[in-house]
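# Reading the structure
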Amino acid sequence: MIISTRRYPIHLSRGSLNRVGQLVSPRGRVFVVTATALCELGERVARSFDPPATVITMDDGEANKTLATAERIVTELLEHNAKRDSMVVAVGGGVVGDTAGFAAAMFLRGIDLVQVPTTLLAQVDSAYGGKVGVNHPKGKNLIGAFHPPRAVVVDPDVLRSLPDRELRSGMFEALKGGVLGDAALFELFEQHRDAIDQIIERAVRVKTAIVDSDEREKDLRRLLNYGHTIAHGIEAAMQYQGITHGEAVGWGMIGANEIAVRRGLLSDRDRTRIDRTIRAWEPAPVPADIDRAAILAATEHDKKNTGSMRVMVLPTGIGTCDIVEGISEAEIAAGIEAALG
Ligand SMILES: NC(=O)c1ccc[n+]([C@@H]2O[C@H](COP(=O)([O-])OP(=O)(O)OC[C@H]3O[C@@H](n4cnc5c(N)ncnc54)[C@H](O)[C@@H]3O)[C@@H](O)[C@H]2O)c1
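Residues numbered from 1 in each chain as written. Predicted model: local features only at pLDDT ≥ 70, side-chain atom pairs only at ≥ 80, totals over all residues.

Around the ligand, the surrounding shell holds 28 residues, and the nearest of these are G93, G94, V95, T119 and S126. For the shell around the ligand, the secondary structure elements donating two or more residues are α4 (94-106), α5 (120-126), β8 (139-146) and α6 (164-181). (Near = placed C-beta within 6 Å. Helix = DSSP H or I, 4+ residues; strand = E, 2+ residues; numbered from the N terminus.)

Shown next as structure tokens:
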């Protein structure tokens, strides 16, 4: 299946990993960038090109999503004589996609990029929208660029080897897409249906419809931050240990729902449906003695907030949500309690 966005096609089908070379049209040489641990997947993609692509590996994990890693990729591209018409194919999760994508954006002021996401989170979220970048010691994702891919190739078969916790982490981001923009997608989660292909397709459509209409994150794109204000607070208070980003988003959605109900934006009935569904997918619990003040303090630095005004995305039903300004500290504190309750 091909999902067309304004700027690039998304090829979504089982087995497509072995056909990347036929699905995209490189103008020159091709460089597959992948994680050392995912070499086998990277080699398969490389062999799908004629002549086979050159494979460049990087160490995986958030700690390696750095300027130094991106620079090393650029150095390898130079050593292999890559040119302006060369193409980078990023094969991996969000860490590889962001880092290799940023290297492609920097190299000779930008060469073609194809994303081949291999985690569920990357397949439903990070591979689209053109945001690429790396972390800085002072914070995550502080260095980056907009560099939309030429194409995205999604093969749900590769998720078979993904650890269960990573799979579930992606599920919460997809579930988020259902609540904010697609009731039928939410219902797949509510019914706990084993329908991963449908989940990916619907979640991709929600994400790409939003980023397509607003590529530089001025307004609509902020909708994707549903659940993220309190999630960032929880992740920061836990020093990014013991909880995945997706799980934190699950708890963050429960917190946002509380604020939406208090404001009369969301019915109790819909809140119950959403909260129950999130809990049914079993996000790792947040320690009961977590420092609430640290969570609250971290939400203040949330990038959606402009000046002292707090802005949050609140659901107004299942499949609809709003960007709401002027959220008070007391409301966020109540949301945090609900998320931890
Ligand atoms: N650019 C964006 O718009 C955007 C959006 C959301 C998140 N992100 C970024 O994405 C990153 C998180 O990405 P992630 O959740 O994919 O994590 P990840 O890239 O760290 O991958 C998680 C783990 O899964 C392994 N893995 C990947 N594919 C596998 C497979 N098929 N089988 C077995 N193991 C596999 C990886 O080696 C890694 O150990 C963060 O850095 C985040 O900032 C970016």
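Attention now moves to the pairing of strand β11 (residues 320-325). With six bridges joining them, strand β10 (residues 311-317) and β11 adopt antiparallel strand pairing. Within the sheet, the bridge partner assigned to G317 lies in β11 and is T320. In this structure, the hairpin formed by β10 and β11 is closed by a connection of two residues, where G319 is found at a positive phi of approximately 105 degrees. (Pairing = 2+ DSSP bridges.)

Here we take up the environment of A183. In this structure, A183 sits in helix α7 (residues 183-190). On a C-alpha basis, the gap between A183 and G317 in space is 9.0 Å, while along the polypeptide they are 134 residues apart. Leaving out residues up to four positions away in the same chain, A183 has contacts with I318 and G319. (Contact = placed C-beta atoms within 7 Å.)

Next up on the list: the environment of Y128. Tracing the backbone through its elements, the reader meets Y128 in the loop between α5 and β7 (131-136). Of the residues examined, Y128 has 26 C-beta atoms within 10 Å and is grouped as buried. The sequence separation of Y128 and E71 amounts to 57 residues, and the corresponding C-alpha distance is 23 Å. (Buried ≥ 20, exposed ≤ 12 C-beta atoms within 10 Å, placed from the backbone.)

The subject of this paragraph is the nonpolar core. Counting 97 residues, the largest nonpolar core has V33, V88 and V89 as the members making the most contacts within it. Counting residues per element, this core draws most heavily on helix α10 (residues 245-262), which supplies nine residues. (Core = buried A, V, L, I, M, F, W, Y, C linked by C-beta atoms within 7 Å.)

The next thing to look at is the pairing of strand β6 (residues 112-117). Of all six residues in β6, six are buried; the element is thus mostly enclosed. Neither face of β6 is exposed, since D112, V114 and V116 on one face and L113, Q115 and P117 on the opposite face are all buried. Crossover strand β5 (residues 87-92) to β6 through α4 is right-handed. One ladder, built from two bridges, connects β6 with strand β9 (residues 151-154); its direction is parallel. (Right-handed = clockwise from strand over helix to strand, strands pointing away.)

This paragraph deals with the domain arrangement of the chain. Partitioning the chain into structural domains gives domain 1 (2-161) and domain 2 (164-340). Taking the mean C-alpha position of each, domain 1 and domain 2 sit 27 Å from one another. Counting residues at the interface gives 18 residues for domain 1, matched by 22 residues for domain 2. Taken together, the elements giving at least two residues each to the side of domain 1 that touches domain 2 come down to β2 (9-12) and α5. Taken together, the residues that form the side of domain 1 that touches domain 2 break down as eleven nonpolar, five polar and two charged. (Domains from an automatic or database assignment. Nonpolar A, V, L, I, M, F, W, Y, C, P; charged D, E, K, R; others polar.)

This part covers unusual backbone geometry. Looking along the chain, the bond that leaves D50 and enters P51 is cis, with omega of 0 degrees. For P51, the location among the structural elements is in the loop between α2 (39-47) and β4 (54-58). Non-glycine residue Q239 carries a positive phi angle of around 50 degrees. Within the secondary structure, Q239 sits in the loop between α9 (228-237) and α10. Overall, the presence of 8 C-beta atoms within 10 Å leaves Q239 in the exposed class.

Of all ten residues making up α9, nine are buried, and the element is well covered by its neighbours. Of the residues making up α9, those classed as buried are H228, T229, I230, A231, H232, G233, I234, E235 and A237. At the C-terminal side of α9, Q239 shows a positive phi close to 50 degrees.

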